[in-house]
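# Fold and contact review
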Amino acid sequence: MNIRLSALIIPAALAAAAAMSLPAAAEPDTPENAQLKSSMRFLEALAKDGDSGAQLTLGQYLAGTAKTDADFEQARKLLESAAAQGKGEAYTELARMYLEGRGVQKDTGKAVSLLESAAAKNDPEALYTIGMMRIEGKVLKKDPESGIRKLERAGKLGSEDAFLALGRIYEEGKVTRKNPEKAFANYLSASYGERRDAPYHLGLLYITGTSTEKDTDTGCGYLEDALEHGNPLALEALRKYC
């Protein structure tokens, strides 16, 4: 398939397939489920033909929804094939399986090796995961400076989780010296996505005037956004400050 066309169609098929949560035999016969099954067949055909994007998409879906050993095995094979073709995200998904022992024997060493391969291909989630491992010092040797550098790289590549983690690190000052300005900048970057914690922290920074001009209205607006995203602390903060 034409690469550009494949890049457009595969995400749409994934969006449809991701909604499937029941085994095909148990699904009601509706137009929506018929469309979902069609999307899955489309992805399976592409994956069989060696399309790395389809293999990655289908492998990620199966890894997240597998209920049988056969499903996990199929997910692993698809992800390994996608990884062999250079898909960094496939390494990261495989690493998750080995870290958690999902469908494979738990193997932390192999998981870390896969994450490092993904990080070398600039996969933001792998960089974020390795960064947090370095900061926490549980799976990898503790090295906060290296961890922060990994998080910064992940942030530059679009990881909202990395921005949020950096915001906390610079706000709390437990891992490195406190830096309110960097905390604010990272929370602001994280707030552009769907993370529910970033608007909460930003709201408090605006309300208290930390690293920015005090602005209660703006702060309360961020707290309302955090509440809409399900942050459990936002309601209490709204009652206290707004």
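Up top is the structure.
Below you will find a few notes about this structure. (Residues numbered from 1 in each chain as written. Predicted model: local features only at pLDDT ≥ 70, side-chain atom pairs only at ≥ 80, totals over all residues. Heavy atoms only, no water.)

## Description of the state of the cysteines
Following the criterion strictly, the structure yields 1 disulfide and no others. One disulfide in the model links C220 with C242; its S-S distance is 1.8 Å. Its S-S torsion of approximately -100° makes the covalent link between C220 and C242 left-handed. Pair noted here: C220 is in helix α12 (residues 216-228) and C242 is in the segment after α13 (234-241), with a separation of 22 residues, a long-range link. (Disulfide = S-S within 2.5 Å. Helix = DSSP H or I, 4+ residues; strand = E, 2+ residues; numbered from the N terminus.)

## Points about the environment of A111
For A111, the position within the fold is in helix α6 (residues 108-120). In this structure the C-alpha to C-alpha distance between A111 and R96, which are 15 residues apart in sequence, comes to 6.9 Å. Not counting the four nearest positions on each side in its chain, A111 is found in contact with A95, Y98 and L99. (Contact = heavy atoms within 4.5 Å.)

## With respect to the packing of helix α4 (residues 69-84) against helix α5 (residues 88-100)
When two helices pack together, their arrangement is given by the angle between their axes and by how far apart the axes lie. Where α4 contacts α5, the two axes come as close as 8 Å, and the packing angle between them is 145°. In this structure, the crossing between α4 and α5 has a hand that is left-handed. Facing α4, whose interface residues are F72, R76, L79, E80, A82 and A83, α5 presents A90, Y91, E93, L94, M97 and Y98. Considered class by class, the residues forming the contact of α4 with α5 number 9 nonpolar, no polar and 3 charged. (Axes fitted to C-alpha atoms, helices over the stretch in contact; angles between N-to-C directions. Left-handed = near helix turned anticlockwise from the far one by under 90°. Nonpolar A, V, L, I, M, F, W, Y, C, P; charged D, E, K, R; others polar.)

## Observations concerning the packing of aromatic side chains
One pass over the structure, following the stated rule, counts 2 aromatic pairs. On the numbers, 5.4 Å between centres and 75° between planes, the contact of F184 with Y206 is edge-to-face. Of this pair, F184 sits in helix α10 (residues 180-191) while Y206 sits in helix α11 (residues 197-208), placing them 22 residues apart in sequence. In this structure, F184 and Y206 share a single accessibility class: buried. Among the aromatic residues, ring-to-ring pairing joins F184, Y206 and Y222 into one connected group. (Phe/Tyr/Trp six-rings, centres within 6.5 Å; stacked < 30°, edge-to-face > 60°. Buried < 20%, exposed > 50% of the residue type's maximum accessible area, 1.4 Å probe, protein only.)

## A few points about unusual backbone geometry
Most of the time, phi is negative for any residue but glycine, and the peptide bond is trans. At N122, a residue that is not glycine, the phi angle is positive and equals roughly 60°. Mapped onto the elements, N122 comes out in the loop between α6 and α7 (124-136). Positioned with a positive phi, S211 is a non-glycine residue whose angle comes to about 70°. In this fold, S211 is placed in the loop between α11 and α12. S211 sits in the partly exposed class, given a relative accessible area of 27%.

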